[in-house]
Amino acid sequence: MGTNYFCATVMTDAAKAGSAPKIALPKGTTDVFISYSRKDIDFVRRLSEAIQVRQRDTWVDWASIAKGEKWWQEIQRGIEGTNTFAFVLSPDSVASKVCRDEIDHAVQCKKRLVPIVFREGFAIADVHPALQEINWLFCRETDDFESALQSLLETIDTDLDYVKLHTRLLQRAIDWDNKQRDTGAVLRGQDLTEAQQWFQQGKTPRPTELQVEYLQTSLAVQKADQVARRIVRAGFVGLGAIVAAAIGAVIVTQQRIQENERQSEQKLALADVRLVSTAAEGAFLSGQVFESLLVSLQAGQQLKQLDRTGLTKTNLQTQVIAALWQAMNVVSEHNTLTGHQEAVWSVSFSPDGKTLASSSGDNTIKLWDVATGKALQTLTGHQDVVTSVRFSPDGKTLASGSGDKIIKLWDVATGKALQTFTGHQSLVISVSFSPAFRDRVP
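All of the points below concern the structure found in this document. This is a predicted model, so every value here is computed, not measured.

Let us look at the environment of H105. Within the secondary structure, H105 is located in helix 4 (residues 97-108). Sequence separation between H105 and Q76 is 29 residues, and the spatial gap between their C-alpha atoms is 7.0 Å. H105 has contacts with Q76, I79 and E80, leaving out every residue within four places of it along the chain.

See the structure below:
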C-alpha cells in the first residue's frame, strides 16, 4: 500500500487475541467513529477495544475494503450514524486524502470532533482546519493511555441525549432527502415536539442546514394537516371562483376512491410526491405565497387528470385543499424581495408600513423599501442565524435576536448597532418592544 493509507469504517465487535474482527455493518447509531491511517492500526485496535469494554460502540476498519461508490456510501453512512468523530493524528493520517474526505463529511454533518494525537512529526498547518480550531487529546507513547481514554469517554458522554438526537434527526433528514422529500417521511407528533425542543436548546453540535429544512417542512406539513382538518370539520364550501374547478375535482374523486384503491400503487405514490409536496411545501415554506398559489392550482389541475384514471386518495385531497385555502387566504403579492443567502427567519413592518426588516440564516438583517422592493441597508454584527426582528413603536429602532444568544438594538436611519444585550444561555427565539418604548437608547 505504500504511504497512501486510507481510512474506511465498519462496525466491529471488540477485537480479541490480536486478530482482526469480522466486518459487520451496524444498523443503528454508534458512539464513536475512529478515522485513522492503517499504519497506526495497532494503536487503534487497543483504543477501540478499550472503548468497547466500557460499553461504547465504535466504527473501525480492520481490513482493506475495495474503493468505489458503494464503499464511500458506507463510509458516509458510518459518519452520519455516529455521535462522535474521533481522528487519530499522525503524519500518515494528516497526509491521507481519504482521511481528509472523512473529516469533510463529518464537518458537513456537524459532528462532534475529537482529535487524538498518537504520533507527532506533522506541521500544524497541514492539519484539517476544522481540527486546528479545537482542543486535542494526547495519547502518544509517552502519555498515560488511561488518562487520555478517560478524557475521550467524558467527551463522548457530554450532552449525550442532545448528541444522540442530533444523530437520529440527521439520519431521518437524510432519509427524507433521499426519498425526494416525501411528506410521508416528515416528523409528526411526539417526534416533532422533541425535535423542536432539541433545536431550541442551542447547544453544539449545531443543526445542519438539512436538519433545519427537515424541521421547517415537518412544521409546515403539521400546519397543513391542521388547516385541512379545520376545513373538513367546518364543511368549508367555496374557496373562490379561481379555485372552484380544482376543489370540484377533489369532491368528485371521493365517489371513486373505493372503486380504484387497488389500481397502480406506484402511480399513486408518484402522484403523492408531485401533488402533496409541491402544494403543501409551496404554500408554507419560504414565504413565497403567490408562487404557492400557482403551484397549488397546478396541483388541482393534475388532480383532475388523476381523477380521469381514478388514481386519487383521501389524504391527497385534503393536502390540496389545505394548500389552496392557505394560499387564497393570504395571497396578494406586491413585490418579491431577494438578497439573503440563506433562509429568511423573520420579517417585520415598520409602524408606518414603508420599511420591511428581514432576518436570515446568513447572519444578516436587511431593510427594504416596501414601495420599490429595493434593499436599503444590510445590518451585520450577529455571529449566528438571526431568528427574530421587530420595529419599535416609533419605528426608529429595530431589535434583533439571534442564535448567538445576543439581542441587539439598531438605529433604523443609520443602520448602526446602538446596544447589545447578553445573558441568555441559549438562542434567542423572539424579541418584542414594550408599547411605551420611545427611542430611549442613548
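On to the packing of helix 7 (residues 160-178) against helix 8 (residues 189-200), then. With their axes 11 Å apart at the nearest point, helix 7 and helix 8 run at an angle of 125° to one another. When the interaxial angle is binned, helix 7 and helix 8 end up oblique. With respect to the hand of their crossing, helix 7 and helix 8 are arranged in left-handed fashion. The segment helix 7 lies against helix 8, with Y162, L165, H166, R168, L169 and R172 engaging D191, E194, A195 and W198. Taken together, the residues that form the contact of helix 7 with helix 8 break down as five nonpolar, one polar and four charged.

This part is about the pairing of strand 12 (residues 407-411). Extensive coverage of strand 12 is indicated by the burial of four of its five residues. Hairpin connection, strand 11 (residues 397-402) to strand 12: the antiparallel pair is bridged by four residues, and K405 has positive phi, about 75°. Direction of pairing for strand 12 relative to strand 13 (residues 417-421): antiparallel, over a ladder of four bridges. Within strand 13, the residue paired with I407 across the bridge is F421.

A few words now on helix 8. For helix 8, built from twelve residues, the straight-helix expectation of 16 Å at 1.5 Å per residue is met to within 8% by its first-to-last C-alpha distance of 17 Å. Along helix 8, the positions that sit buried rather than exposed are L192, A195, W198 and F199. Projected down its long axis, helix 8 carries its buried residues within an arc of 125°, all on one side. Where helix 8 terminates, the next one or two residues include G202, which has phi positive at roughly 65°.

Under the definition given, this model contains 16 salt bridges. Between D157 and R56 there is a salt bridge, with its nearest N and O atoms 2.3 Å apart. Of this pair, D157 sits in helix 6 (residues 145-157) while R56 sits in the loop between helix 1 (41-53) and strand 2 (58-59), and the two are 101 residues apart along the sequence. Of the charged contacts in the structure, one is a salt bridge between R181 and D177, with a shortest N-O distance of 2.9 Å. Ionic contacts of the salt-bridge type, sharing partners, join the residues D40, D92 and R119 into one network.

With that out of the way, let us pick up the nonpolar core. The nonpolar side chains of soluble globular proteins are, as a tendency, buried together. Among the nonpolar cores identified, the biggest contains 23 residues, and I34, F43, L47, I116 and L152 are the most heavily contacted of them. Breaking this core down by element, the ones donating at least two residues are strand 1 (30-35), helix 1, strand 3 (82-89), strand 4 (112-117) and helix 6. L47 has contacts with I34, I116, F145, L149 and L152, leaving out every residue within four places of it along the chain. Judged by nonpolar contacts, the second largest core, of 22 residues, contains V186, L187, V212 and L215.

Basis of the calculations
Residue indices begin from 1 for each chain and proceed along its sequence in written order. Local features in this predicted model are restricted to residues of pLDDT 70 or higher, and side-chain atom pairs are both shown and tallied only at a pLDDT of 80 or more, whereas totals for entire chains, interfaces and linings draw on every residue. In computing side-chain values, all of the structure's heavy atoms are included and hydrogens and water are not. Secondary structure is summarised from DSSP: a helix means a run of H or I of at least four residues, a strand means a run of E of at least two, and numbering begins at the N terminus for each. What makes two residues a contact is simply this: any of their non-hydrogen atoms within 4.5 Å. Where helices are involved, their axes are fitted lines through C-alpha atoms of the stretch in contact, as for all axes, and angles between N-to-C directions lie from 0 to 180°. Each angle gets one of four labels, with under 35 degrees taken as roughly parallel, over 145 as roughly antiparallel, 65 to 115 as roughly perpendicular, and the rest as oblique. Crossings are sorted by hand: turned counterclockwise from the far helix by less than a right angle, the near helix makes the crossing left-handed, and turned clockwise it makes it right-handed. In this classification, Asp, Glu, Lys and Arg are treated as charged, Ala, Val, Leu, Ile, Met, Phe, Trp, Tyr, Cys and Pro as nonpolar, and every other residue, Gly included, as polar. Each residue's exposure class comes from its accessible area (1.4 Å probe, protein chains only) as a fraction of the maximum for that residue type: buried when under 20%, exposed when over 50%, partly exposed otherwise. Here, strands pair whenever DSSP counts at least two bridges between them. For a helix, the expected span equals 1.5 Å multiplied by the number of residues minus one. As used here, the arc belongs to the directions running from the helix axis to the C-beta atoms. The salt bridge definition used is simple: a Lys or Arg side-chain nitrogen within 4 Å of an Asp or Glu carboxyl oxygen. The definition of a nonpolar core used throughout is a set of buried Ala, Val, Leu, Ile, Met, Phe, Trp, Tyr and Cys residues joined through side-chain atoms within 4.5 Å.

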